[in-house]
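Here are the chains, one letter per residue:
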Amino acid sequence: MAIEIAFQEGDLKSFEKLLKEHMDKPLKHFEKELLGIRTGRATVALLENIKVDAYGQLMGLKELATLAAPDARLLTIQPWDKSVIGEIEKAIQVSDLGASPVNDGTIIRIQLPQMSSSRRDELLKLLGKKTEECRVSIRNVRKDFHNEVRDAEKKRIVSEDFAQKLSEHMQKITDEFIKKADQLHDKKAAEIGHI
């Protein structure tokens, strides 16, 4: 991804704002992915990323049905069109939700089982993988910005001193975003571990 940065000697604020905007994207994506990792409590976010083959295309479950979590371990899916209930059931069965749907022809109920220690370990492993993906994405943003700074320095758009200052500032902001990702990881790991 090529980033176009309009450099101006001494303009640290604009650079910082742009860098933070780009680093915020992988962090927001990570937060969204965390919603799909099950803890001990039922939440409709567990279902939102499930894709259903309906009407000749892949559609999100929330586009086809009303999703609800009436209690701590129960999820319900009520399709607006009852003709797709079978496809919805199949999509849930092949998902990584780890629970079996019960279809009564009108509504699908999913009773979430108590989480076993092996399932908890799987989720912690998945969480670690997602966290590392987020860290790598943040570092890639830093790398792209660093390349732009280096090119601007070579073209004499910015001075060597200012380029050094930008690089140091970039590292500081990168560390802040990595720390935020780690905090999100720790919070989710605690939720998974205390079930």
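An account of the accompanying structure is given in this report. (Residues numbered from 1 in each chain as written. Predicted model: local features only at pLDDT ≥ 70, side-chain atom pairs only at ≥ 80, totals over all residues. Heavy atoms only, no water.)

## Quick word on the overall build of the protein chain
Next up, step 1: Across its full length, the protein chain holds five helices and six strands.
Next up, step 2: Secondary structure elements in the protein chain, listed N-terminal to C-terminal, are α-α-β-β-β-β-α-β-β-α-α.
Next up, step 3: Overall, the C-alpha framework of the protein chain stretches about 70 × 40 × 20 Å when taken along its three principal axes.
Next up, step 4: Taking all 195 residues of the protein chain together, the buried fraction comes to 39%.
Next up, step 5: Contacts in the protein chain between residues far apart in sequence, at least 24 positions, make up 64% of those at least 6 positions apart.
Next up, step 6: Carbon and sulfur atoms form 49% of the exposed surface of the protein chain, whose accessible area is close to 11300 Å².
Next up, step 7: Here the protein chain carries 33 positive and 33 negative side-chain charges, and the mean point of each set is 3 Å from the other. (Helix = DSSP H or I, 4+ residues; strand = E, 2+ residues; numbered from the N terminus. Buried < 20%, exposed > 50% of the residue type's maximum accessible area, 1.4 Å probe, protein only. Contact = heavy atoms within 4.5 Å. Areas by Shrake-Rupley, 256 points an atom, 1.4 Å probe, with all protein chains shown as cover. Lys, Arg positive; Asp, Glu negative; His and termini not counted. Charge placed at Lys NZ, Arg CZ, Asp CG, Glu CD.)

## Side note on the environment of Thr76
Next up, step 1: Summarising the element assignment, Thr76 is placed in strand 4 (residues 74-79).
Next up, step 2: For the pair formed by Thr76 and Ile110, sequence separation is 34 residues and the distance between their alpha carbons is 6.3 Å.
Next up, step 3: Among all residues touching Thr76, those that are not within four sequence positions of it are Thr66, Leu67, Ala68, Pro70, Ile107, Ile108 and Arg109.

## A look at the packing of aromatic side chains
Next up, step 1: Applying the stated criterion across every chain yields a total of one aromatic pair.
Next up, step 2: Taken together, a centroid distance of 5.6 Å and an interplanar angle of 80 degrees make the contact between Phe15 and Phe145 edge-to-face. Of this pair, Phe15 sits in helix 1 (residues 12-35) while Phe145 sits in helix 4 (residues 117-154), placing them 130 residues apart in sequence. For the pair Phe15 and Phe145, a shared accessibility class is recorded, and that class is buried.
Next up, step 3: Between Lys180 and the ring centre of Phe177, over which it is positioned, the NZ or CZ distance is 4.5 Å. (Phe/Tyr/Trp six-rings, centres within 6.5 Å; stacked < 30°, edge-to-face > 60°. Lys NZ or Arg CZ within 6 Å of the ring centre and 35° of its normal.)

## Considering the pairing of strand 2 (residues 57-60)
On any regular strand, side chains alternate: one points to one face of the sheet, the next to the other face.
Next up, step 1: With four bridges joining them, strand 1 (residues 51-54) and strand 2 adopt antiparallel strand pairing. Bridge pairing links Val52 to Met59 in strand 2. (Pairing = 2+ DSSP bridges.)

## Some thoughts on the packing of helix 1 against helix 5 (residues 160-193)
Think of two packed helices as two axes; the pair is described by the angle between the axes and how far apart they sit.
Next up, step 1: For the pair helix 1 and helix 5, interaxial distance at closest approach is 10 Å and the crossing angle is 20 degrees. With respect to their mutual orientation, helix 1 and helix 5 come out roughly parallel. As for how helix 1 packs across helix 5, the hand of that crossing is right-handed.
Next up, step 2: Looking at the contact of helix 1 with helix 5 residue by residue, the classes come out as 14 nonpolar, three polar and eight charged. (Axes fitted to C-alpha atoms, helices over the stretch in contact; angles between N-to-C directions. Parallel < 35°, antiparallel > 145°, perpendicular 65-115°, else oblique. Left-handed = near helix turned anticlockwise from the far one by under 90°. Nonpolar A, V, L, I, M, F, W, Y, C, P; charged D, E, K, R; others polar.)

## Let's talk about unusual backbone geometry
Next up, step 1: The backbone of Tyr55 shows a phi angle near 55 degrees, a positive value even though the residue is not glycine.
Next up, step 2: Looking at the secondary structure, you find Tyr55 in the loop between strand 1 and strand 2.
Next up, step 3: The residue Arg156 is not glycine, and still its phi comes out positive at about 60 degrees.
Next up, step 4: Looking at the secondary structure, you find Arg156 in the loop between helix 4 and helix 5.
Next up, step 5: Of the residues examined, Arg156 reaches a relative accessible area of 74% and is grouped as exposed.

## Some details on the nonpolar core
Next up, step 1: Phe15, Leu19, Met23 and Leu127 are the most contacted members of the largest nonpolar core, which totals 27 residues.
Next up, step 2: Mapped by element, the contributors of at least two residues to this core are helix 1, helix 4 and helix 5.
Next up, step 3: Among the elements that line this core, the one with the most residues is helix 5, at ten residues.
Next up, step 4: Ignoring anything within four residues of it in the chain, the contact list for Leu127 reads Phe30, Leu34, Ile37, His185, Lys188, Ala189 and Ile192.
Next up, step 5: Counting residues in each nonpolar core, the second largest holds 23 residues, with Leu47, Ile50, Ala99 and Ile108 among its members. (Core = buried A, V, L, I, M, F, W, Y, C linked by side-chain atoms within 4.5 Å.)

## Some words on the sheet that holds strand 4
Next up, step 1: As summarised here, the arrangement of the four strands in space is 3-4-6-5, forming an open sheet in which the pairing is antiparallel. One side of each edge strand has no neighbouring strand; the edge strands of this open sheet are strand 3 (65-71) and strand 5 (101-103). When strand polarity is set aside, the average angle formed by the axes of neighbouring strands in this sheet is 20 degrees.

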